[in-house]
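The lines below spell out each chain.
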Amino acid sequence: MQNYYVVKISNFKDLPSFGDVEDLAMTQFGATGIEDFSIDEEQVDEILGERSYSGADLPQSVVDEVEETVLSDSATQKAFYFKTIEDAQTFKTFLESKKIESTLDEKEVKDWNEEWKKSYAPILVTDELEIIPAWNKDDYNSRAKNQVYIYPGMGFGTGNHETTFLCLKLLFDTNFNFKNVTCMDFGCGSGILGLALRNIQKDSLIDLYDIDQGALDNCKQNVELNEISEVGIRYQLPEHKTEFLKSYDIVFANILKNVLEFEADCILSLLKPKGSLIVSGLLNGQQDDIIEIYTKKLETLEFKKVLIQGDWVALLFENDK
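Residues numbered from 1 in each chain as written. Predicted model: local features only at pLDDT ≥ 70, side-chain atom pairs only at ≥ 80, totals over all residues. Heavy atoms only, no water.

Student: Looking at this structure, I do not really get helix α8 (residues 213–225). What am I missing?
Tutor: Residue pairs spaced three or four apart in an α-helix point in one direction, given the helix's 3.6 residues per turn. With 13 residues, α8 ought to run about 18 Å at 1.5 Å a step, and its terminal C-alpha atoms sit 18 Å apart, in line with that. Among all positions in α8, only Ala-215, Leu-216, Asn-218, Cys-219, Asn-222, Val-223 and Leu-225 are buried. On an axial view of α8, the arc spanned by its buried residues comes to 165°, and they lie on one face. Looking at the packing, one finds that the buried side of α8 touches β7 (146–150), α7 (192–200), β9 (205–209) and β10 (233–236). One side-chain oxygen at the N-terminal end of α8 lies 2.7 Å from the backbone nitrogen of Gly-214; it belongs to Asp-212. Just downstream of α8 lies Glu-227, where phi reads positive at about 55°. (Helix = DSSP H or I, 4+ residues; strand = E, 2+ residues; numbered from the N terminus. Expected span 1.5 Å × (residues − 1). Buried < 20%, exposed > 50% of the residue type's maximum accessible area, 1.4 Å probe, protein only. Arc of directions from axis to C-beta. Contact = heavy atoms within 4.5 Å. Polar contact = N/O pair within 3.5 Å; in protein donor to acceptor, adjacent residues only side chain to side chain.)

Student: Would you take a moment to explain the pairing of strand β11 (residues 248–254) for this structure?
Tutor: Both faces of the sheet carry side chains from a regular strand, because those side chains alternate between them. Burial runs high along β11: seven of the seven residues are buried. Here strand β8 (residues 182–186) runs beside β11; their pairing, made up of four bridges, is parallel. Following the sheet pairing, Asp-185 is matched in β11 by Phe-252. Of the pairings in the sheet, the one linking β11 to strand β12 (residues 271–283) comprises six bridges and is parallel in character. Each bridged residue has a counterpart across the sheet, and for Ala-253 the counterpart in β12 is Val-279. (Pairing = 2+ DSSP bridges.)

Student: Looking at this structure, how should I read the side chain of Thr-174?
Tutor: Considering the arrangement of structural elements, one finds Thr-174 in the loop between α6 (162–171) and β8. Here Thr-174 falls in the buried class, since its relative accessible area comes to 10%. Those residues in contact with Thr-174, other than ones at most four positions away along the chain, are Ile-250, Ser-276, Ile-278 and Leu-316.

Student: Help me understand the sheet that holds strand β5 (residues 123–126), please; the structure alone is not making it clear to me.
Tutor: The three strands lie next to each other as β5-β6-β7, forming an open sheet whose pairing is mixed. The open sheet is flanked by β5 and β7, the only strands paired with a single partner. Put simply, the sheet's adjacent strands are angled 20° from each other on average, direction ignored. As judged from the five bridges shared by strand β6 (residues 129–133) and β7, these two strands associate in the parallel manner. Pairing of Ile-131 across the sheet is with Val-148, part of β7. The sheet contacts of α7 involve β6 and β7, and relative to β7 the element is tilted by about 145°. (Axes fitted to C-alpha atoms, helices over the stretch in contact; angles between N-to-C directions.)

Student: Quick question: what am I supposed to make of the sheet that holds β10 here?
Tutor: As a general point, the strands of a sheet are linked pairwise by backbone hydrogen bonds and lie either parallel or antiparallel. Reading across the sheet, the seven strands line up as β10-β9-β8-β11-β12-β14-β13 and stay open at both edges, with mixed pairing between neighbours. Either end of the sheet is taken by a strand with one partner, and the two such strands are β10 and β13 (301–309). Ignoring which end each strand starts from, the neighbouring axes of this sheet average 15° apart. Note: β13 against strand β14 (residues 312–319), eight bridges, orientation antiparallel. Along β14, the bridge assignment pairs Glu-302 with Glu-318.

Student: Any chance you could explain the packing of aromatic side chains here in plain terms?
Tutor: By convention here, two paired aromatic rings are described through the distance between centres and the angle between planes. The full count for this structure, using the stated rule, is 11 aromatic pairs. Three or more aromatic residues joined by ring pairs form one cluster here, namely Phe-29, Phe-80, Phe-82, Phe-91 and Phe-94. The residue whose ring lies beneath Lys-137 is Tyr-149, and the NZ or CZ to ring-centre distance is 5.4 Å. (Phe/Tyr/Trp six-rings, centres within 6.5 Å; stacked < 30°, edge-to-face > 60°. Lys NZ or Arg CZ within 6 Å of the ring centre and 35° of its normal.)

Student: Which parts of the structure should I look at to understand the pattern of salt bridges?
Tutor: Pairing between side chains of opposite charge can happen when the charged atoms of each approach one another. Tallied over the full model, the rule gives 13 salt bridges. The partner of Lys-305 in a salt bridge is Asp-173, with the nearest N and O atoms 3.0 Å apart. One end of the pair, Lys-305, is in strand β13; the other, Asp-173, is in the loop between α6 and β8, with 132 residues separating them in the sequence. On the accessibility criterion, Lys-305 (32% relative accessible area) is partly exposed. It is possible to trace a salt-bridge network through shared partners that takes in Lys-257, Glu-261 and Asp-289. (Salt bridge = Lys/Arg side-chain N within 4 Å of Asp/Glu carboxyl O.)

Student: How should I be thinking about the confidence of the model for the protein chain in this particular structure?
Tutor: The predicted coordinates should not be examined in detail at positions where pLDDT is low. Per-residue pLDDT for the protein chain averages 83, and the proportion of residues at 70 or more is 79%. Counting interchain partners and residues more than four positions distant, the pLDDT-below-50 stretch residues 50–58 has 14 contacts. (pLDDT = per-residue confidence, 0-100.)

Student: Can you help me understand the nonpolar core in this one?
Tutor: Across soluble globular proteins, you tend to see nonpolar side chains buried next to one another. Membership of the largest hydrophobic core comes to 36 residues, with the highest contact counts inside it found for Ile-131, Leu-168, Ile-233 and Phe-252. Ranked by size, the runner-up nonpolar core spans 26 residues in total, among them Phe-244, Leu-260, Leu-282 and Leu-315. (Core = buried A, V, L, I, M, F, W, Y, C linked by side-chain atoms within 4.5 Å.)

Student: How do you make sense of the side chain of Glu-263 when you look at a structure like this?
Tutor: Mapped onto the elements, Glu-263 comes out in the loop between α9 (257–262) and α10 (264–269). The class for Glu-263 is buried, based on a relative accessible area of 13%. When residues no more than four places from it in sequence are discounted, the contact partners of Glu-263 are Phe-186 and Lys-241.

Student: Can you walk me through unusual backbone geometry in this structure?
Tutor: Backbone phi values are negative for most residues with the exception of glycine, while trans is the configuration of most peptide bonds. Of note, Glu-227 is a non-glycine position whose phi angle comes to about 55°, a positive value. By relative accessible area, Glu-227 is classed as exposed at 68%. Phi is positive for Lys-274, close to 70°, though the residue is something other than glycine. On the secondary structure map, Lys-274 appears in strand β12.

Below, the structure written as C-alpha cells:
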C-alpha cells in the first residue's frame with residue numbers, strides 16, 4: 001500500500017512571512033495538505049503522567065491544564081503532507097535553505113475502517129459464552145456453546161473492555177439456572193450484558209436502560225444482529241423508570257463509580273429477594289467504597305465475589321432476604 005510523507009515544523013510561529021512558505025508548499029512543491037496543531041498525544045501523556053482517569057472522572061483541573069497548554073502554544077506546529085518522497089525531500093531542502101528546521105517522516109496509508117475493526121476480536125468468556133464482532137458472524141467457528149454478536153456503536157460496549165468481560169464472567173457465578181429470569185441491564189450501552197443472558201436463555205425478560213438514545217439504538221441493532229425476538233425486551237430511557245418491574249432476578253450496573261453512588265438507591269430497589277447484582281465500571285481501589293455503601297443501604301445485601309483484571313474491578317452481590 002502506498003505511503004505518504006510528512007514534513008513537520010515545530011517553531012513556525014517565530015518565523016517571518018510564513019504565509020509565503022505555505023503558498024509555495026501547495027503551488028510549487030506539491031503539498032496535498034497542511035495541518036496546524038499546538039499539542040500532540042505525547043504532550044497530553046506528559047501532562048497526565050502517571051495519573052489514571054476514567055471517562056467523566058477527568059478532573060476539571062486537568063482539563064484546564066491541557067487547555068492552558070493549547071492556548072500558550074497556540075498553533076506552534078505545522079505539518080505538510082506529500083504523496084511522494086521526492087516532493088517531500090525537495091520541500092525540506094527548500095526549508096533548510098531558508099534556515100528553517102524540519103523533520104521528514106514516512107507514514108503508512110491505512111484503511112481506517114479495517115484498522116478500527118482490528119481493535120475488536122472474539123472474546124471467549126467461558127465454554128458457555130463467546131462474544132464475537134458482527135463482521136465475523138459468517139466466517140468464525142465459535143469455541144463456546146452460546147454466541148453473542150456485537151456491533152460496537154460509538155464504543156458502547158463490545159466485550160473487549162475489562163469491565164464488560166468481568167461482568168460476563170460473574171454472570172456464571174450467580175445462583176440462577178437462567179430459566180424465566182428477569183434482568184435489568186442498568187446503563188446498558190450496546191446491550192451486551194442483557195443480550196448475553198437472553199442468548200443463553202431465550203425466555204428471559206430483559207430491560208435495557210440507558211440515558212443515551214444512541215445506546216438504545218445500538219441495542220436494537222444488536223438484537224437484530226443476533227436474530228433475537230424483541231418479545232420480552234424493553235428499551236428504557238430515564239422517563240421510563242416508572243415502567244421498571246418491581247424487582248429483577250439479575251441486575252447489571254456497569255457504569256462509573258460516581259454514577260453507581262448517585263443511583264445506588266434506584267439500583268438496589270430493583271433487586272429481588274435472592275437476586276444477584278453485578279457491578280463494575282470501577283477502578284481497582286474503588287471497590288471498598290461501593291461495597292460499604294451498597295451493603296449499608298440494603299442490609300440484606302451480601303458481597304460474594306470480586307474479579308480484577310488490569311486496572312478494573314467487578315463485584316458480585318446477592319440479596320439474602
